Structure formats: structure tokens, C-alpha cells
Amino acid sequence: MIRLIEDNDPTSFEKLKLLYPHASNAFIIGITGSPGVGKSTLIDALITQFRELDKKVAILAVDPSSPFSGGAILGDRIRMQRHATDEKVFIRSMASRGQKGGLSRATKDAVVVFSAMGYEIIIIETVGAGQAEFDIANIAHSIGIVTSPGAGDGIQAVKAGILETGDIFIVNKSDKLDADASVHQLNMMIEMRKSSKTNWKAQVLKTIAQNGTGVKEVADAFLSHFDFMKNNNLIDQKRNAMEKSYFNSLLKDLILEKLFLYMKNSEACKKIEKEIQSGSMDPLSAAEFLVNKLIVFKNNE
Amino acid sequence: METKNKIRVLIAKPGLDGHDKGAKIVALALRDAGMEVIYSGLHQTLEQIIQTATQESVDVIGLSIMSGAHLPISEKLIAMMKEQGLDNVNLTVGGVIPFQDIPKLKEMGVAEVFPGGTSFKDIITSMNKLFE
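Caption draft 1: Main features of the overall build of chain B. Along chain B, the regular secondary structure elements total 5 helices and 5 strands. Secondary structure of chain B in N-to-C order comes out as β-α-β-α-β-α-β-α-β-α. Rg of the C-alpha trace for chain B: 14 Å, near the compact-globule value of 14 Å for 132 residues, within the 12% margin. Viewed in the frame of its principal axes, chain B has a C-alpha envelope of about 45 × 35 × 25 Å. Out of the 132 residues belonging to chain B, those deemed buried represent 52%. Sequence-distant contacts, at least 24 apart, represent 69% of the contacts inside chain B between residues at least 6 apart.

Caption draft 2: Up close: helix α8 (residues 215–231) of chain A. Residues and elements named next belong to chain A. Under the 1.5 Å per step criterion, the end-to-end length of α8 is 24 Å for 17 residues, consistent within 8% with the ideal 24 Å. Turning to α8, the residues buried within the fold contact β1 (27–33), α3 (39–52), β6 (142–147), β7 (168–171), β8 (203–206) and α9 (234–265). Immediately downstream of α8, the backbone of Asn233 shows phi near 55°, a positive value.

Caption draft 3: Structural view of the nonpolar core. All names here are of chain A. Within the largest apolar cluster, 35 residues are counted, with the highest numbers of intra-cluster contacts made by Val111, Phe114, Ile122, Ile124, Phe169 and Val204. If one sorts the elements of this core by residue count, helix α4 (residues 105–116) sits on top with 6 residues. Contact partners of Val111, with chain neighbours within four places excluded, come to Ile28, Leu60, Ile122, Ile124 and Ile139.

Caption draft 4: How the structure looks around the packing of aromatic side chains. Residues and elements named next belong to chain A. Throughout the structure, instances matching the rule amount to 6 aromatic pairs over all chains. Ring centres of Phe90 and Tyr119 lie 6.2 Å apart, and the angle between their planes is 75°; this geometry places the pair in the edge-to-face category. Of this pair, Phe90 sits in strand β4 (residues 89–95) while Tyr119 is found in the loop between α4 and β5 (121–127), placing the two residues 29 residues apart along the sequence. Among the residues examined, Phe90 registers a relative accessible area of 16% and is labelled buried.

Caption draft 5: The arrangement of the sheet that holds β6 of chain A in detail. Residue and element names in this part refer to chain A. Pairing is parallel across the open sheet formed by 7 strands, whose spatial order is β4-β2-β5-β1-β6-β7-β8. Two strands in the sheet have a free side with no partner beyond their single neighbour: β4 and β8. For this sheet, the mean inter-axis angle between neighbouring strands, taken without regard to orientation, is 20°. As judged from the 5 bridges shared by β1 and β6, these two strands associate in the parallel manner. Considered in β6, the bridge of Ile31 is made with Gly144. Docked against the sheet, α3 engages β1, β2 (57–63), β4, β5, β6 and β7, running at close to 175° with respect to β5.

Caption draft 6: Layout of the side chain of Glu125 of chain A. Residues and elements named next belong to chain A. Its place among the elements puts Glu125 in strand β5. The buried charged residue Glu125 lacks any salt bridge partner; its closest oppositely charged side chain belongs to Lys39, at an N-O distance of 4.8 Å. When near neighbours in sequence (up to four residues on either side) are disregarded, Glu125 contacts Ile31, Lys39, Ser40, Ile43, Leu60, Ala61, Val62, Asp76 and Met80.

Caption draft 7: Expanded view of the interface of chain A and chain B. Counting residues at the interface gives 29 residues for chain A, matched by 29 residues for chain B. Surface buried jointly by chain A and chain B totals about 2400 Å² across both partners, of which 49% is contributed by carbon and sulfur atoms. The largest contributions to the chain A side of the interface with chain B come from Arg3, Ile73 and Arg97 of chain A, which together make up 25% of the buried area. Put simply, chain A and chain B have 3 salt bridges between them. Close ionic contact of Arg92 of chain A with Glu56 of chain B constitutes a salt bridge, the shortest N to O distance being 3.9 Å. If you look at where chain A meets chain B, you find 20 residue pairs in polar contact (both at pLDDT 80 or more). When contributions to the side of chain A that touches chain B are tallied by element, the ones reaching two or more residues are α1 (2–6), β3 (72–74), β4 and α9 of chain A.

Caption draft 8: Geometry of the domain arrangement of chain A. Residue and element names in this part refer to chain A. By the assigned domains, chain A splits into domain 1 (2–234) and domain 2 (246–294). Each side of the interface is counted separately: domain 1 has 8 residues, and domain 2 has 6 residues. Between domain 1 and domain 2, a total of about 590 Å² is buried, with carbon and sulfur atoms accounting for 56% of that surface. Taken as a group, Phe13, Arg105 and Lys108 account for 68% of the area that domain 1 buries against domain 2, more than any other trio of residues on that side.

Rules used throughout
- Residues numbered from 1 in each chain as written.
- Chains lettered and ligands numbered in written order.
- Predicted model: local features only at pLDDT ≥ 70, side-chain atom pairs only at ≥ 80, totals over all residues.
- Heavy atoms only, no water.
- Helix = DSSP H or I, 4+ residues; strand = E, 2+ residues; numbered from the N terminus.
- Rg over C-alpha atoms; globule rule 2.2 N^0.38 Å.
- Buried < 20%, exposed > 50% of the residue type's maximum accessible area, 1.4 Å probe, protein only.
- Contact = heavy atoms within 4.5 Å.
- Expected span 1.5 Å × (residues − 1).
- Core = buried A, V, L, I, M, F, W, Y, C linked by side-chain atoms within 4.5 Å.
- Phe/Tyr/Trp six-rings, centres within 6.5 Å; stacked < 30°, edge-to-face > 60°.
- Pairing = 2+ DSSP bridges.
- Axes fitted to C-alpha atoms, helices over the stretch in contact; angles between N-to-C directions.
- Lys, Arg positive; Asp, Glu negative; His and termini not counted.
- Salt bridge = Lys/Arg side-chain N within 4 Å of Asp/Glu carboxyl O.
- Buried area = accessible area lost by both parts, 1.4 Å probe.
- Polar contact = N/O pair within 3.5 Å; in protein donor to acceptor, adjacent residues only side chain to side chain.
- Domains from an automatic or database assignment.

Structural data, given as C-alpha cells:
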């Protein structure tokens, strides 16, 4: 099913519609952070924790596609292979396939599938670069940001945008020098950040994911964040935001698909393309002209 | 939006053989040929390989075997693939494979065999051919 989504198979859309009403109960966790800070290893340890609570866990590990060949090496699950034969754990790797934002629409679709399959906790792992964080805030209930000591640059990256969205900060590899300094810096930044929309106080936790140290605390922190959201009626609010964002991205995709299909078969479009090539029309005017011609909105409708 | 179907490949090393340079380099070559490669690492049990192939919905399982156990491993894995309903998944085997074993492997149902020394070009061409 996820394969059909990735390949944008026409039948997947209808199937998703059937699944969507059954996909509302999962707790969705986003884990992001720079490459090499130990996201996959941390997730591996988190799976163990959640399995001890007898939760069904699904993991969606998103890795970048090569911009040159379109291929990808999906290696996150190497760190999680010990869970491969646990039937209550489902690990799926996904290539970003060149979509901006780090998280593809297919990711959101896949979350719907996992949730409908009855997975109680869904963990999404993304490369925390650029825009990805903003996307993940629209998919996940809780966001964990992973960094490691001495990664001054890592914290800089965090500062650039995700600070507002992070609910739990994890300083991994905390047996390394300067771990406490990183914790301190993060705590300061959290203090300084403009009051978030809720009263949730972001936590900074230390872990050594490789041997499991501190991971139980991280799992507990995620669960207590989820409880906090439930107790403060934030879940519905979040769901509305998620649905709106999903709706927007679906709209964009569907319109584009339709538009390109139309353009492929339209003589008028071919003519305009030729005019651009010959220089008699500039691309800006051409795009404006086409869109105005094709999409007409009626007011009061 | 990208709609072209990608070939998804699982590269796995079953058992105790710890030489994964070759597997990693082949994984890179396949990526450069535009495929999505799931690399599951060393010391995989056959159960892990089957589960991974199922969850990752791959088109190809590529085993890398240097231990000499390619015949029993392939035979067992093919039986397990049938049991799990992975009928549309192709199995390929690479590594240290004596030439006289190639026909035996193919008879079992291995789609392609890439013994040491096979060029990337040949591997990629044969992989693509499986889906023409």
C-alpha cells in the first residue's frame, strides 16, 4: 500500500479515502536533527522502551534521494534491525524523491496507513535540514530534536528555525565532553524563546542512545507531552492544524497533476511554450496568462 | 511530482560473514543508477531479511554471500519467500560464487547471479532487465 502511495498509483488515492476515517488515534512523534547525531540509534532504543509498554510502534525513516540519479541509499534501519522480526514493530524507509521540505506528501499518506493499521505510536525520522522542521510540525504531535555535544553548529542549526517547534530536546552521546554545556545552551534558548502557544515547558534530556542510558526518560517525556496535550484540549487543535495542512498539500498536488495533464494535451499550451522558446513571450507573462485563463474562481461560491 | 516507479532493492548480508565492502559498493552503484537501496547491514537472519523485504516492499532482494553457504541459504530463503507470498520479488545473489554453482542457483529460482568480478554495468543492466 505504501508502495502504491510512493509511486503515486491512482488506486492508492481511493484506498486512502477509505482508510482515513480509521486513522485518528495514533500518537505521532517526529525526530529530527543533523546527520550523525544518533537519531536512528535513539529511535532504536525508543522502540525498545515503547515495546516494554506493549505499544505497537511504526517507524517511518525518511532519507534524501540523490538529486543527480534520483536513487537513494536508505540505511536508517540498520540501527533498528534487531526489531525487524518483532511483529508489533513496522519499520519503513522512504526516499524523499526530490520533494522540497524533506517530508514528502507520501509521508503523510503513510502515517494515515500506519494509523489505520492500529499502530499506536508512529515515529517519523527526518534529516533536520532547511524546511523539514516546519513540515514535521504539521504531521507530528510531538517533536524531538536530537543534537550531540560539541556540535556548536548543530545548535546553530537548531536555533535557525526549529526552536519554536521542538517539544523535547535530546543531547545524545552525552558521555562526550561538553554535554552539560550543550544542555545549558539549549535550556537558555528555551528560556529565551518567545512564549510558545502552549504552556508546555520544553525539556532538555541527556542520552547515550547506544547503551540506552536516559532513553526511558525520553520515552516518558514524549508520553507526558501527549498527556499534556490531551489534558489541555490541544489534540483537537493539533488535529485541525494537521488536517488543514494535509488539505493544502493535497490541493496543490491535485491541481498540479491536473494542470500538467491538461498542458500535455493542449494545443494552446504548446503554442505558448513555443512562443517562450522563440522569445516572443517571456516566461513570467506566459505563466500568468495561462493560470488566469485556466483557473477562474467565482465569488460567492 | 515524481511518478516514475523506482526499483527498490534490499541489499542484505545473511549469516556470519562479515565482509560488507562489496555489498556497500554495489549499493552505491545501484543508487547512482537511480534505484532506492535499503541497506540492512551485516549478520542478518533469514527471518529478518524476509520481514525487511515485506515491510519495505522491495522489488529485489540482493544477497551478498562470501561464506560459501550460498546454496543452502538461497534455497531456504526462496522457500520462505514463497511462504510469505513474496512472489513478485526477485532474488539475486552476489559474492564469492563458484561458476559451477550458477546453474544450480538459477534452477532454484534465483533471478540473477553476480559472482565477484561482475561489472557494475552488467549488474545494473541485468537488474533493469528484470523489470522490462
